[in-house]
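# Coordinate analysis (summary)
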Amino acid sequence: MPSNDARTLLLTAVPTAAAGAIATVVSGVVAGGKGALGAVIGTAVVILFMGIGLVVLQRTAKKLPQLFQAMGLLLYTAQLLVLFIFLALLKDTTAFDFKAFAFTLLATTIVWVAAQARAYMKAKIMYVDPENTGPKS
């Protein structure tokens with residue numbers, strides 16, 4: 001993974017993990033051990049899905065830059081649909097507190113998207129590839 005991609009992943013995963021840690025503490029206080037477990041699982045699901053999506057999006061941008069924007073929109077839509085499917089499948093679980101899971105899933109998803117937008121705004125990405133500046137004679 002190129003350093004710029006790794007930096008983007010780091011700048012998005014760290015704030016998300018921090019928000020998940022805060023959600024875990026709050027859920028543990030409010031709903032006990034099952035609440036803390038639900039928050040940990042929610043955080044892990046978001047970091048896993050969004051992290052995989054970011055890697056796929058970066059590889060698409062490198063290989064097929066003309067598809068980057070369309071791929072990004074498709075990827076975010078698919079990720080949100082998968083998260084909603086997770087919510088629907090796990091709504092009747094007794095292994096952990098569902099409300100803590102759901103609120104943590106929502107909060108960490110928002111933090112991930114905001115952190116990713118900030119990381120892209122702060123990144124110094126070249127608009128012109130200096131290696132391919134023109135035809136070679």
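Residues numbered from 1 in each chain as written. Predicted model: local features only at pLDDT ≥ 70, side-chain atom pairs only at ≥ 80, totals over all residues. Heavy atoms only, no water.

Going by an unreviewed UniProt entry, the protein chain carries the name ATP synthase I and comes from Streptomyces roseoviridis.

## Quick look at the confidence of the model for the protein chain
Averaged over all residues, the pLDDT of the protein chain equals 85, while 87% of them reach at least 70. Taken element by element, the protein chain is modelled with least confidence in helix α2 (residues 68-90), mean pLDDT 86, and with most confidence in helix α3 (residues 98-122), mean pLDDT 90. (pLDDT = per-residue confidence, 0-100. Helix = DSSP H or I, 4+ residues; strand = E, 2+ residues; numbered from the N terminus.)

## Some details on α3
Under the 1.5 Å per step criterion, the end-to-end length of α3 is 36 Å for 25 residues, consistent within 8% with the ideal 36 Å. Where α3 is concerned, the buried positions are Ala-100, Phe-101, Thr-104, Leu-105, Thr-108, Thr-109, Trp-112, Ala-115, Gln-116 and Ala-119. (Expected span 1.5 Å × (residues − 1). Buried < 20%, exposed > 50% of the residue type's maximum accessible area, 1.4 Å probe, protein only.)

## Concerning the packing of aromatic side chains
Under the defined criterion, the tally for this structure stands at three aromatic pairs. Each ring, one from Phe-49 and one from Phe-86, has its centre 5.3 Å from the other, and the planes form 75°; the classification is edge-to-face. With a gap of 37 residues between them, Phe-49 in helix α1 (residues 3-63) and Phe-86 in helix α2 connect regions that are remote in the sequence. Look at Phe-86 and you get partly exposed, because its relative accessible area is 26%. Between the aromatic rings of Phe-98 and Phe-101, the centroid separation amounts to 6.3 Å while the plane-to-plane angle is 40°, which identifies the pairing as tilted. Taken together, the positions of Phe-98 and Phe-101, both in helix α3 and three residues apart, correspond to about one turn of that helix. A relative accessible area of 22% means that Phe-98 is categorised as partly exposed. (Phe/Tyr/Trp six-rings, centres within 6.5 Å; stacked < 30°, edge-to-face > 60°.)

## A few points about a nonpolar patch on the surface
A surface patch of nonpolar side chains, amounting to about 530 Å² of accessible area, comprises Ile-22, Val-25, Val-26, Val-29 and Val-30. Positionally, Val-26 belongs in helix α1. (Patch = residues over 30% accessible without salt bridge, like charges linked within 9 Å, V, L, I, M, F, W, Y side chains within 5 Å. Areas by Shrake-Rupley, 256 points an atom, 1.4 Å probe, with all protein chains shown as cover. Salt bridge = Lys/Arg side-chain N within 4 Å of Asp/Glu carboxyl O.)

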